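The residues making up each chain are set out below.
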Amino acid sequence: QVQLVESGGGLVQAGGSLRLSCAASGRTFSTYAMGWFRQAPGKEREFVASISTSGSITYYADSVKGRFTISRDNTKNTVYLQLNSLKPEDTAVYYCAVNIGGTATTTRRVSSIDYWGRGTQVTVSS
């Protein structure tokens, strides 16, 4: 069982920035590929970013590429998502996710996720 707790969401104006954090339980965090997803009202949950166990490989959705950055600190069992140049269409609940035994590639698929956090709301005003 892996518990994930997100934090850092909030209300920000367009063009602003936020940094999301996701703290994971367990002593094997460094063996998990991690990801961030988001879900806007009335829409399906969608991939945002993923990162390999070492942090050397990352993937991004086209809609956030160049604006968002995923990173991790294995000494703190934490994965981060830096959100820059935010747009109103980035408004959503952001979820941290783990794919046990997976890679940054497989962690891009909702169907591959083994554990989800409860999410943190990001609201971008125009």
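As a convention, each chain's residues are numbered from 1 in the sequence order in which they are written. Only residues with pLDDT of 70 or above have their local features reported here, since the model is predicted, and side-chain atom pairs are shown and tallied only from 80 upward, although totals for entire chains, interfaces and linings are computed over all residues. Side-chain numbers come from the whole structure's heavy atoms, not from hydrogens or water.

Novice: Can you break down the state of the cysteines residue by residue, with the values?
Specialist: By definition, disulfides here are pairs of cysteine sulfur atoms that lie within 2.5 Å. Counted according to the given criterion, the structure contains one disulfide. Here Cys 22 engages in a disulfide with Cys 96; their sulfurs sit 2.1 Å apart. Because the sign of the S-S torsion sets the handedness, a value of about -80° for the bond joining Cys 22 and Cys 96 places this disulfide among the left-handed ones. Residue Cys 22 is found in strand β3 (residues 18–24), and its partner Cys 96 is found in strand β9 (residues 92–99); the two are separated by 74 residues along the sequence. Given the relative accessible area of 0%, Cys 22 is considered buried. A 1.4 Å probe rolled over the protein chains alone gives each residue an accessible area, and that area as a share of the maximum for its type sets the label: buried under 20%, exposed over 50%, partly exposed in between. A relative accessible area of 0% means that Cys 96 is categorised as buried. Numbered from the N terminus, helices here are DSSP runs of H or I no shorter than four residues, and strands are runs of E no shorter than two.

Novice: Outline the sheet that holds strand β1 (residues 4–7), listing residues and values.
Specialist: Being paired, for any two strands, means DSSP has found at least two bridges between them. Taken together, the four strands give an open sheet; going across it, the order is β1-β3-β8-β7, and neighbouring strands pair in antiparallel fashion. Every other strand in the sheet has two partners, leaving β1 and β7 (68–73) as the edge strands with one partner each. Looking at each pair of strands side by side, their axes are set apart by 15° on average, direction ignored. Direction of pairing for β7 relative to strand β8 (residues 78–83): antiparallel, over a ladder of six bridges. Bridge pairing in β8 places Ser 71 opposite Tyr 80. Interaxial angle, 0 to 180 degrees, is taken between N-to-C directions of lines fitted to C-alpha atoms, where a helix line uses only the stretch in contact.

Novice: Requested: an account of unusual backbone geometry, with residues and values cited.
Specialist: Backbone geometry at Asn 77 places phi at a positive 55°, although glycine is not the residue there. When you line up the elements, Asn 77 lands in the loop between β7 and β8. Note on Asn 77: relative accessible area 17%, which makes it buried. The phi angle at Ser 85 is positive, at roughly 50°, despite the residue not being glycine. Within the fold, Ser 85 resides in the loop between β8 and β9. Judged by its relative accessible area of 41%, Ser 85 falls in the partly exposed class.

Novice: An account of the nonpolar core is needed here, citing residue identities and associated values.
Specialist: Among buried residues, those of type Ala, Val, Leu, Ile, Met, Phe, Trp, Tyr and Cys that are joined through side-chain atoms within 4.5 Å constitute a nonpolar core. Core analysis: the largest hydrophobic core is formed by 33 residues, its most contacted members being Met 34, Trp 36, Val 79, Leu 81 and Tyr 94. Counting residues per element, the ones that place at least two in this core are β3, β4 (33–39), β5 (46–51), β7, β8, β9 and β11 (120–125). Considering every element that reaches this core, the biggest residue donor is β9, with five residues. Here, two residues are considered to be in contact whenever any of their heavy atoms come within 4.5 Å of each other. If we skip the residues at most four places from it in the chain, Met 34 touches Leu 4, Phe 29, Ala 49, Ser 50, Ile 51, Ile 70, Arg 72, Val 79, Cys 96, Ala 97, Val 98 and Thr 107.

Novice: Which residues make up the packing of aromatic side chains, and what are the values?
Specialist: Geometry of aromatic contacts follows a simple scheme: Phe, Tyr and Trp rings, the Trp one being its six-membered ring, pair when their centres are within 6.5 Å, and the pair is stacked under 30 degrees between planes, edge-to-face over 60, tilted otherwise. Counted under the stated rule, the structure contains three aromatic pairs. With a centroid separation of 5.8 Å and 75° between ring planes, the pair formed by Phe 37 and Phe 47 is classed as edge-to-face. Of this pair, Phe 37 sits in strand β4 while Phe 47 sits in strand β5; the two residues are ten residues apart in sequence, bridging distant segments of the chain. The burial state of Phe 37 is the same as that of Phe 47; both residues are buried. The interplanar angle of 70° and the centroid separation of 5.1 Å between the aromatic rings of Phe 37 and Trp 116 together place this pair among those described as edge-to-face. Of this pair, Phe 37 sits in strand β4 while Trp 116 sits in strand β10 (residues 115–116); the two residues are 79 residues apart in sequence, bridging distant segments of the chain. The class for Trp 116 is partly exposed, based on a relative accessible area of 29%. Joined through ring pairs, the aromatic side chains of Phe 37, Phe 47, Tyr 95 and Trp 116 make up one cluster.

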